[in-house]
Structure formats: C-alpha cells, structure tokens
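# Breakdown of the fold
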Amino acid sequence: ELKVEQNPLFLSMQEGKNYTIYCNYSTTSDRLYWYRQDPGKSLESLFVLLSNGAVKQEGRLMASLDTKARLSTLHITAAVHDLSATYFCAVDIGTGNQFYFGTGTSLTVIP
Amino acid sequence: EPEVTQTPSHQVTQMGQEVILRCVPISNHLYFYWYRQILGQKVEFLVSFYNNEISEKSEIFDDQFSVERPDGSNFTLKIRSTKLEDSAMYFCASSEAWGNEQYFGPGTRLTVT
C-alpha cells in the first residue's frame, strides 16, 4: 500500500522565520503536487512537480522534488500570517491518475 | 477563470437513503474525479472517470457508490444506501489531461444522521 507521509503534522512558526515541510512517499513516482487548504475550504493547487530535480517557486514558497529519495520539500521563506493553512502533498502513481494525498501539515504563522 | 462547481454545498440525509452529489467540471477537461475528506483527516481518492468509463477506483468505492456523466456537463456521485461513516466532505476534481494538475471544486459536506 502506498504511503505518503508529511512532517511535521503541525507547525507553529513566527512571522519572518523560515521552515521546511517534508513529504515522503513509499513507491516510485515522478509526479508530485502541492495543495493548500484553508479551513472549511477546497484545495488550491500550488505546485506541480513532474520530474526529478524539479524546483518551483511562487512568492514565499518553494517546492522541490527528489524522485530517487522519494522526497519533496515545501520551503517557506520569511513566513507571513496569510500563509496559515493546511498544506497537502499528493503523489500520482496510478494509470487512472489517482492522487494519493499526504497526511497534511497544519501551519500556523504567529505575528 | 473557469472553475469546478458542486451542488449542494451541504446535504443532510438519513441513514439508508440515497444521495446524489453533483459536479460541473471545467468545460475543456476530460478527466474527472471524486475524493472525500472525513473531518480533520487527509483527502482520499474514490474514483477517476475518463471517456465515460471508470479508470480507477479505490477500496472505498464499493457497490454502494456509482458515478455517471448524464450529459455533457454534469458528473455525479451516487451513494445508494448511506451509512453514518459516509459523513464527509466530498470533492469533485477535473483535469485537462492525464498527469496534469487536478482542479478541485468547493466540496459538498454530506452529513448522515
């Protein structure tokens, strides 16, 4: 069974600080996606990583993919309160394009 | 900007009743999906649909569940006889092609009493 694990599960950080969220998965895939979910809301696509070594940046967030290590990271630079949300990684391995979501990381940025 | 829409936003039903959740995917997308999220937990894949057929389904998607694309725009999820444990947020998603990012709708919160 495919496992997609994120750590930490909960992250409380001060504004202005940097931190990294990790996403490990247990089987071969070269397609990984990051989503953001605000409380009670839907999932918003952040990044699409489609090859080993892929790096994408948008604002204070940067995502990378190492398919050999089966690891993706989401790095937060100089956090601001607006980044408070739950972040999910999702791995695509199936022929039917099904996504396996990680456990989620609940991020709270404290002023 | 095109978006996935879902109706209703909240559905309350009694155990044993049938429910139909409706979705309108983005118009030029060819792949459609249903996921569910039990409160406070991760998002779980239910089923993917392409070319009027199920492509993949998870163990959750048992005989109680079915999907249909009854016309050119709607994509529905039917739960035949709801159970308490079916209470969750159900998300519809669509993508333009295989491997592309999936765009999620706002979700339908299903409460089974």
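One can find the structure itself at the top, above this paragraph.
Here the structure is a predicted model, which means the values were calculated and not measured. (Residues numbered from 1 in each chain as written. Chains lettered and ligands numbered in written order. Predicted model: local features only at pLDDT ≥ 70, side-chain atom pairs only at ≥ 80, totals over all residues. Heavy atoms only, no water.)

### Observations regarding the pairing of strand E6 (residues 53–57) of chain B
Residue and element names in this part refer to chain B.
- Two elements, strand E5 (residues 43–50) and E6, share four bridges in a ladder whose sense is antiparallel. Its bridge partner being in E6, Phe-49 is matched across the sheet by Ile-54.
- Connecting E5 to the next strand, E6, in antiparallel fashion are two residues, including Asn-51 with a positive phi near 55 degrees. (Pairing = 2+ DSSP bridges. Helix = DSSP H or I, 4+ residues; strand = E, 2+ residues; numbered from the N terminus.)

### Notes on the sheet that holds strand E7 (residues 65–68) of chain B
Residues and elements named next belong to chain B.
- Taking strand neighbours across the sheet as the criterion, the four strands line up as E1-E3-E8-E7 in an open arrangement whose pairing is antiparallel. Whereas interior strands pair on both sides, the edge strands pair on one side only; in this sheet they are strand E1 (5–7) and E7. Geometrically, the sheet is characterised by an average inter-axis angle of 20 degrees between neighbouring strands, direction not taken into account. (Axes fitted to C-alpha atoms, helices over the stretch in contact; angles between N-to-C directions.)

### Topic: the pattern of salt bridges
Residues and elements named next belong to chain A.
- Here the structure, examined in full by the defined rule, presents three salt bridges over all chains.
- Between Arg-36 and Asp-38 there is a salt bridge, with its nearest N and O atoms 2.9 Å apart.
- Overall, the relative accessible area of 25% leaves Asp-38 in the partly exposed class. (Salt bridge = Lys/Arg side-chain N within 4 Å of Asp/Glu carboxyl O. Buried < 20%, exposed > 50% of the residue type's maximum accessible area, 1.4 Å probe, protein only.)

### Regarding unusual backbone geometry
- The step from Asn7(A) to Pro8(A) runs through a cis peptide bond, and the omega angle for that step is 0 degrees.
- Tracing the backbone shows Pro8(A) in the loop between strand E1 (4–7) and strand E2 (10–14).
- Here the bond from Thr7(B) into Pro8(B) is cis, since omega is -10 degrees, no more than 30 degrees from zero.
- One can find Pro8(B) in the loop between E1 and strand E2 (10–13).
- Phi angles above zero are rare outside glycine, and Ala78(A) is one such case at about 50 degrees.
- Mapped onto the elements, Ala78(A) comes out in the loop between strand E8 (71–76) and strand E9 (85–92).

### Notes on the interface of chain A and chain B
- Each partner contributes to the interface: chain A provides 22 residues, whereas chain B provides 22 residues.
- Of the roughly 1,800 Å² buried between chain A and chain B, counting both surfaces, carbon and sulfur atoms make up 52%.
- Summed over the three residues of chain A that lose the most area to chain B, namely Asn97(A), Gln98(A) and Phe101(A), the buried surface amounts to 29% of that side.
- Taken together, the links from chain A to chain B amount to zero salt bridges.
- If you look at where chain A meets chain B, you find six residue pairs in polar contact (both at pLDDT 80 or more).
- Of all the secondary structure elements, the ones that give two or more residues to the side of chain A that touches chain B are strand E4 (32–37), strand E5 (43–49), E9 and strand E10 (99–101) of chain A.
- Split into classes, the residues belonging to the side of chain A that touches chain B amount to eight nonpolar, eleven polar and three charged. (Contact = heavy atoms within 4.5 Å. Buried area = accessible area lost by both parts, 1.4 Å probe. Polar contact = N/O pair within 3.5 Å; in protein donor to acceptor, adjacent residues only side chain to side chain. Nonpolar A, V, L, I, M, F, W, Y, C, P; charged D, E, K, R; others polar.)

### Things to note about the layout of surface pockets
- The space that makes up the largest pocket amounts to roughly 450 Å³.
- If one sorts the elements of the lining of the largest pocket by residue count, strand E11 (residues 105–110) of chain A sits on top with four residues.
- Residues of the lining of the largest pocket, tallied by class, amount to ten nonpolar, twelve polar and four charged.
- The volume enclosed by the second largest pocket comes to roughly 390 Å³.
- Residue lining of the second largest pocket: 15 residues in total, with Glu1(A), Leu2(A), Tyr100(A), Glu44(B) and Ser58(B) positioned closest to the centre.
- Taken together, the elements giving at least two residues each to the lining of the second largest pocket come down to E10 of chain A together with E5 of chain B.
- Tallied by class, the residues present in the lining of the second largest pocket amount to eight nonpolar, two polar and five charged. (1 Å grid on protein atoms, 1.4 Å probe; cavity = no way out; pocket = protein on both sides within 12 Å on 5 of 7 lines; lining within 4 Å. Points joined across faces, edges and corners; volume = space filled by probe spheres on them.)

### Notes on the state of the cysteines
Residue and element names in this part refer to chain B.
- This structure, assessed with the given rule, holds two disulfides over all chains.
- One disulfide bridge connects Cys-23 with Cys-92, the sulfur atoms lying 1.9 Å from each other. In this structure the cystine formed by Cys-23 and Cys-92 twists about its S-S bond by roughly -60 degrees; its chirality is therefore left-handed. Here Cys-92 lies in strand E9 (residues 88–95) and Cys-23 lies in strand E3 (residues 19–24), a separation of 69 residues in the sequence.
- The buried category is assigned to Cys-23, whose relative accessible area is 1%.
- You can call Cys-92 buried: its relative accessible area is 0%. (Disulfide = S-S within 2.5 Å.)

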